[in-house]
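# Summary of the model geometry
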Amino acid sequence: MMLSVMVMGAGAAFTDQDKIVNEEAVDMISALGIVDGYEDDSFQPEKNIERGEAAKMIAVMLNGGKDAVQDTSVSSFNDVLGSADAWANKYIEYGVSKGILAGVGGDRFAPASNVTGTQLAKMLLVSLGYDADKEGYLDDTSWAVNVNTDAASVGLYAGIESVDMNAALTRDNAAQMIWNALNANTVKYFLGSLIENDSTLLETAFGTGYGVDTGILTNIKWNKDRNEYTYTIDGEKYVSAGDYSDLFAMNVAVLRNGNDALLVRVNEGGTVVEGVIGDITGIDNDHFNSFKVNGTKYLLDNVAKDWWDFADITVAYNNWAMPTHYAELGNFVEGYGARFCFPYT
């Protein structure tokens, strides 16, 4: 019998999904409408992001995923209108009006030029409420140091710490930075002091009902009349027209607006380990927090005796009889093929 250990997810099914490193970030901002693919349905994660593209992503993000920026025939720069990148003019002007974007000198914006990580970080910091002038982002000599210091503190570089922020940024890493920004709290100035708000950029730009919840997907119901699913995740119910039934019994993250699920995917760090009879062994320690699959040992990050919860879900999934006490649990899991999803070390 064969054993498979795999990471599974559901999201924006780009044709080159297997090349995307920051899958959660790409899936989330795609579901929010901030970024989309190309005509061939590819995402091209390794392609460098251009300044005009960054301007559009920022504008759409701040307008709640909608392309709500009004067109204009006026430009602050001499190299946008009349060029192949004239499509980006309205987004560039929107960014300029918000103090998010600036030119490269000589009345030029260079919309087709690559964006560095530090440049995008500056745009995102201002989007969060940081004043570029007050925080020294406009200083000719130390702007990059000031931006990188604040960006690291806010968490904009989380998950991509090894990336050279002075180099051209890929679409893949840009997605991670945008997702990090959406999960960061906005800020404001009060009596000259910088104060952190209680709301994230996601809540501010999209609405207070937006957020991400995580937990085990324990129940799925289909309503034929309404043509929608109801998913129970960590005791909460979410409705969606999307079919995420393949994620049953897995540790998932749900991007939601209220109780509407915009996207359900395997929680970042969650891994599916599958086994059949004889594959799963070694559930015999005091805390039931480690096991072996085909000879490979895995240690749960969960609290002691959380095996009970996992077994309960598996029983519900397979209609097996539940063991009556912990002494039987190890034999139960070893005796049947089981499927779990959890962070492990």
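Basis of the calculations
Residues numbered from 1 in each chain as written. Predicted model: local features only at pLDDT ≥ 70, side-chain atom pairs only at ≥ 80, totals over all residues. Heavy atoms only, no water. Helix = DSSP H or I, 4+ residues; strand = E, 2+ residues; numbered from the N terminus. Buried < 20%, exposed > 50% of the residue type's maximum accessible area, 1.4 Å probe, protein only. Contact = heavy atoms within 4.5 Å. Core = buried A, V, L, I, M, F, W, Y, C linked by side-chain atoms within 4.5 Å. Phe/Tyr/Trp six-rings, centres within 6.5 Å; stacked < 30°, edge-to-face > 60°. Expected span 1.5 Å × (residues − 1). Pairing = 2+ DSSP bridges.

Assignment of secondary structure puts asparagine 89 in helix α3 (residues 89-97). Asparagine 89 sits in the buried class, given a relative accessible area of 0%. With residues near it in sequence (within four places) discarded, asparagine 89 still touches Thr72, Val74, Ser75, Val80 and Leu81.

Within the largest apolar cluster, 75 residues are counted, with the highest numbers of intra-cluster contacts made by Leu32, Ile34, Leu120, Leu124, Leu156, Met177 and Leu182. Sequence-distant contacts of leucine 120, that is, excluding residues within four places in its chain, are made with Ile58, Val115, Leu169, Ala174 and Met177.

This next bit is on the packing of aromatic side chains. For the structure shown, the criterion picks out 7 aromatic pairs. Relative to phenylalanine 43, the ring of phenylalanine 14 has its centre 5.2 Å away and its plane inclined at 40°; by these criteria the two rings are tilted. On the criterion of sequence distance, the pair formed by phenylalanine 14 in the loop between β1 (4-6) and α1 (23-31) and phenylalanine 43 in the loop between α1 and α2 (51-62) is long-range, its members being 29 residues apart. Take phenylalanine 43: its relative accessible area is 1%, and that puts it in the buried class.

Okay, helix α5 (residues 143-154) next. The end-to-end C-alpha distance of α5, which contains 12 residues, comes to 16 Å, matching closely the 16 Å that a straight helix rising 1.5 Å per residue would cover. Positive backbone phi, approximately 100°, marks glycine 155, located one or two places after α5.

Turning our attention to the pairing of strand β3 (residues 193-200). The pairing of strand β2 (residues 185-190) with β3 spans 5 bridges and is antiparallel. Following the sheet pairing, asparagine 185 is matched in β3 by threonine 200. Taking the residues that link successive antiparallel strands as the turn, the β2-β3 hairpin has 2 residues, and the phi of leucine 191 there is positive, at about 55°.

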